[in-house]
Amino acid sequence: MKQEALFDPVPEPPAHRDAPTDGLDALCQAAIECRKCRLAETRKNVVFGEGNPKAGLFVIGEAPGADEDAQGRPFVGRSGQLLDKILLAIGFERKDVYIGNIIKCRPPENRNPLADEIECCKPWLMQQLDIINPKVLLLLGRVAANTILENTQSMASMRGKLIRWNGFDCFVTYHPAALLRNPNWKRLCWEDVQMLRAHYDKVCPNG
Ligand code: URA
């Protein structure tokens, strides 16, 4: 396939923090037409993200899987069921939070997102953060954490603490898919999300 077709320039994602924000619906409409990277060729649906547009907590995963691609909704497969349980354990329902991903289209065979795919897609997420303006971010897994925090650190060095980034209070924990593969990490995840909840109650005292 020729380069022009792979990187169709129309429409451009809004530039990070520069573009006017007409609200999440307008952003979603633009995002679902995005053909900025090769994933547009293979996706069934753009998984924009969903939840409370006024959420104090924004949960960020890595990329849609097969179930999410089929339904156009984030975290609806096995990982999503575990995420729902994790959130419920600290008193959040899905309707209380906003849930999105680093990239909005499924990588074929669930491979890791490539660096250029992340770069193409990141402006959509930055714009969502601008509009929703949550206080707290929960970053699920190393891809989400390294992308948002713009580092290459290990999970061990990022989890278990509050990290301030760009005015957001971030907590890093294991991705639910990693927890399904390695249940021993659930205890650490539990510590992380309890810490998040205690912090959330301080910075968002009204829920
Ligand atoms: N894994 C993710 O990172 N995001 C989803 O939406 C589903 C699975």
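Here, every reference points to the structure presented above.
Residues numbered from 1 in each chain as written. Predicted model: local features only at pLDDT ≥ 70, side-chain atom pairs only at ≥ 80, totals over all residues. Heavy atoms only, no water.

### Side note on the side chain of His199
Moving on, step 1. Tracing the sequence through the fold places His199 in helix α9 (residues 186-203).
Moving on, step 2. Note on His199: relative accessible area 11%, which makes it buried. (Helix = DSSP H or I, 4+ residues; strand = E, 2+ residues; numbered from the N terminus. Buried < 20%, exposed > 50% of the residue type's maximum accessible area, 1.4 Å probe, protein only.)

### Brief notes about the site of the ligand
Moving on, step 1. Gly61, Glu62, Ala63, Glu68, Pro74, Phe75, Asn101 and His175 make up every residue found near the ligand.
Moving on, step 2. The contact in question runs from a nitrogen atom of the ligand to an N or O atom on the side chain of Asn101, over 2.7 Å.
Moving on, step 3. Within the side chain of His175, one N or O atom sits 2.7 Å away from an oxygen atom of the ligand.
Moving on, step 4. Across the complex, the protein chains shield 93% of the 230 Å² of accessible surface that the ligand would expose by itself.
Moving on, step 5. Placement of the ligand is best described as lying within the largest pocket. (Near = heavy atom within 4 Å. Polar contact = N/O pair within 3.5 Å; in protein donor to acceptor, adjacent residues only side chain to side chain. Areas by Shrake-Rupley, 256 points an atom, 1.4 Å probe, with all protein chains shown as cover. 1 Å grid on protein atoms, 1.4 Å probe; cavity = no way out; pocket = protein on both sides within 12 Å on 5 of 7 lines; lining within 4 Å. Sits in = over half its atoms within 2 Å of the grid points.)

### Focus on the pairing of strand β3 (residues 98-101)
Moving on, step 1. Of the two faces of β3, the one lined by Tyr98 and Gly100 and the one lined by Ile99 and Asn101 are each fully buried.
Moving on, step 2. Looking at chain direction, strand β1 (residues 50-51) and β3 are connected through two bridges and run antiparallel. Its bridge partner being in β3, Gly51 is matched across the sheet by Tyr98.
Moving on, step 3. With four bridges connecting them, strand β2 (residues 57-61) and β3 associate as parallel partners. By the bridge assignment for β3, Phe58 is matched with Tyr98. (Pairing = 2+ DSSP bridges.)

### Brief notes about the pattern of salt bridges
Moving on, step 1. Evaluated as defined, the whole model comprises 14 salt bridges.
Moving on, step 2. One salt bridge in this structure joins Glu117 and Arg38, with 2.8 Å as the shortest N-O distance. Here Arg38 lies in the loop between α2 (24-31) and β1 and Glu117 lies in helix α5 (residues 115-132), a separation of 79 residues in the sequence.
Moving on, step 3. For Arg38, a relative accessible area of 25% gives the class partly exposed.
Moving on, step 4. Close ionic contact of Asp84 with Arg94 constitutes a salt bridge, the shortest N to O distance being 2.9 Å. Taken together, the positions of Asp84 in helix α4 (residues 78-89) and Arg94 in the loop between α4 and β3 put the pair ten residues apart, joining distant regions of the chain. (Salt bridge = Lys/Arg side-chain N within 4 Å of Asp/Glu carboxyl O.)

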